[in-house]
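Per-entry structural report
What follows is the residue order along each chain.
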Amino acid sequence: MTASSLPPFWALIPAAGVGSRMRADRPKQYLELAGRTILEHTLACFLDHPQLRGLVVSLAADDPYWPALACAEDGRIQRAEGGCERADSVLAGLHRLAELGAEEQDWVLVHDAARPNLTRGDLDLLLGELADDPVGGLLAVPARDTLKRAGADGRVQQTVDRAPIWHAYTPQMFRLGQLHRALADALVSGVAITDEASAIEWAGHAPRLIEGRADNLKVTRPEDLQSLALLWRQP
Ligand code: C5P
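Residues numbered from 1 in each chain as written. Predicted model: local features only at pLDDT ≥ 70, side-chain atom pairs only at ≥ 80, totals over all residues. Heavy atoms only, no water.

Digging into the overall build of the chain
The line we're drawing: Strands are runs of DSSP state E lasting at least two residues, helices are runs of H or I lasting at least four, and both sets are numbered from the N terminus onward. Here the term buried applies to any residue with accessible area under 20% of the maximum for its type, exposed to any over 50%, and partly exposed to those in between, with areas from a 1.4 Å probe on protein chains only. Here, residues are in contact when the closest pair of their heavy atoms is within 4.5 Å. Surface accessibility follows the Shrake-Rupley procedure with a 1.4 Å probe radius. Residue values consider only the protein chains on display as shielding. We score Asp and Glu as negative and Lys and Arg as positive, and we do not count His or the chain ends. By convention, the point assigned to a charge is CZ for Arg, NZ for Lys, CD for Glu and CG for Asp.
Scanning the chain for helices and strands turns up 6 helices and 11 strands. Its C-alpha atoms put the chain at 55 × 40 × 40 Å along the principal axes. Counting across all 235 residues of the chain, residues that qualify as buried make up 48%. Here the analysis covers contacts within the chain between residues at least 6 apart in sequence; of these, 72% occur between residues at least 24 apart. Accessible surface computed for the chain: about 11900 Å², of which carbon and sulfur atoms make up 49%. Side-chain charges of the chain comprise 24 positive and 32 negative groups, with the mean position of each set lying 6 Å from the other.

Shown next as structure tokens:
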């Protein structure tokens, strides 16, 4: 499939998190690696795509780091004000996309700000596989390790069958109207929403899992930065 035969899409990058597990002096998306912040690496994969209709980044209201980045002046990037939880930041971004002209049936790809190693190959795979899907879906990776269920005493209670278990990655690709309704309803109902797919599931739909690369890492802990540095050093 050529790039121009892939469906048009909008990108939404929630970047209003603090990332306390990094124990850094700033939110993890603003840490630098290979000459640019994590967030700039993340944005680059989308900005180069010929099918991109527009991109919104959701930022904390008092974010002092964004204005210092070169991409803050990039006319292709629009801002939304993030909220307390990731789902609030995504909802704010969806509103902004609608203001920019995105329509109910348009595809929106939501991607973590701190997942800077998304390849163009994986992005095109997701777009191509889900182009005609009635629900949408997400990049994901099958569980590789043996899984244990822990008891309150910290001892193994049970070994869990890993065959049907997947790690949910991003981008997650859904239609703007359906995602907006699912997120808004889930938030009003007080349901815990950790990714966009969980809101869609809660609304009664079954997102498709598209197997992506395991190195589409989310920077969460200090050692993740070291893994990325090693990956990017290789030819
Ligand atoms: O903390 P975690 O890694 O799960 O966050 C995933 C993504 O959601 C990050 O890109 C983070 O910046 C974003 N986020 C947000 N608003 C929040 C919390 C997280 O945009 N209130």
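Considerations on the nonpolar core
Defined as follows: Among buried residues, the Ala, Val, Leu, Ile, Met, Phe, Trp, Tyr and Cys ones that are joined through side-chain atoms within 4.5 Å form a nonpolar core.
With 32 residues, the main nonpolar core has Leu43, Phe46, Leu55 and Trp66 as its most contacted residues. Elements represented by at least two residues in this core include exactly β1 (9-15), α1 (38-47), β4 (52-59), β6 (107-110), α3 (120-130), β7 (136-142) and β10 (166-175). Per element, the largest residue contribution to this core is 5 residues, and it comes from α1. Beyond its immediate chain neighbours, meaning those up to four positions away, Phe46 contacts Phe9, Ala11, Ile13, Leu52, Leu55, Leu109, His111, Leu118, Leu123 and Pro171. Membership of the second largest hydrophobic core comes to 25 residues, among which are Leu12, Leu94, Val108 and Ile200.

Some remarks on the packing of aromatic side chains
Remark: the centre distance and the inter-plane angle together describe each pair of aromatic rings, the angle taken between the planes. The cut-off we apply is this: Under the pairing criterion, centres of Phe, Tyr and Trp rings, with the six-membered ring standing for Trp, must be within 6.5 Å; the plane angle then separates stacked pairs below 30 degrees from edge-to-face pairs above 60, leaving the rest tilted. In this scheme, Lys NZ or Arg CZ marks a charge over a ring once it lies within 6 Å of the ring centre and within 35 degrees of the ring normal.
Counting across every chain of the model gives 1 aromatic pair. The ring of Trp107 carries Arg175 above its face, with NZ or CZ at 3.8 Å from the centroid.

Thoughts on the UniProt feature "site: Transition state stabilizer" (unreviewed entry) in the chain
Our working definition: UniProt positions are given in the numbering used here, feature names are shortened, and annotations may be inferred rather than shown by experiment.
Following the UniProt record, the feature "site: Transition state stabilizer" (unreviewed entry) maps to Arg21 and Lys28 here. Tracing the sequence through the fold places Arg21 in the loop between β1 and β2 (32-33). Discounting chain neighbours no more than four positions away, the residues touching Arg21 are Thr220, Arg221 and Pro222. Setting aside residues no more than four positions away along its own chain, Lys28 makes contact with Val18, Gly19, Met22, Ile38, Ala114, Val219 and Thr220.

Some remarks on the UniProt feature "site: Positions MEP for the nucleophilic attack" (unreviewed entry) in the chain
The sites that carry the UniProt feature "site: Positions MEP for the nucleophilic attack" (unreviewed entry) are, in the present numbering, Arg162 and Lys218. When residues no more than four places from it in sequence are discounted, the contact partners of Arg162 are Ala143, Arg144, Asp145, Thr146 and Leu147. Structurally, Lys218 can be placed in the loop between β11 (208-211) and α6 (222-233). According to the relative accessible area criterion, Lys218 is partly exposed, its value standing at 33%. Excluding anything up to four places from it in sequence, Lys218 contacts Asp112, Ala114, Arg115 and Asp224.

Section: the sheet that holds β10
Rules: Any two strands are treated as partners once DSSP identifies two or more bridges connecting them. Throughout, an axis means a line fitted to C-alpha atoms (over the contacting stretch in the case of helices), and angles, computed between N-to-C directions, take values from 0 to 180 degrees.
Spatially, the 7 strands line up as an open sheet ordered β5-β4-β1-β6-β10-β7-β11, and their pairing is mixed. Among the strands making up the open sheet, the edge pair consists of β5 (77-81) and β11. In this sheet, adjacent strand axes meet at a mean angle of 30° when their direction is disregarded. Where β4 and β5 come together, 5 bridges link them in parallel fashion. Along β5, the bridge assignment pairs Ser58 with Ala80.

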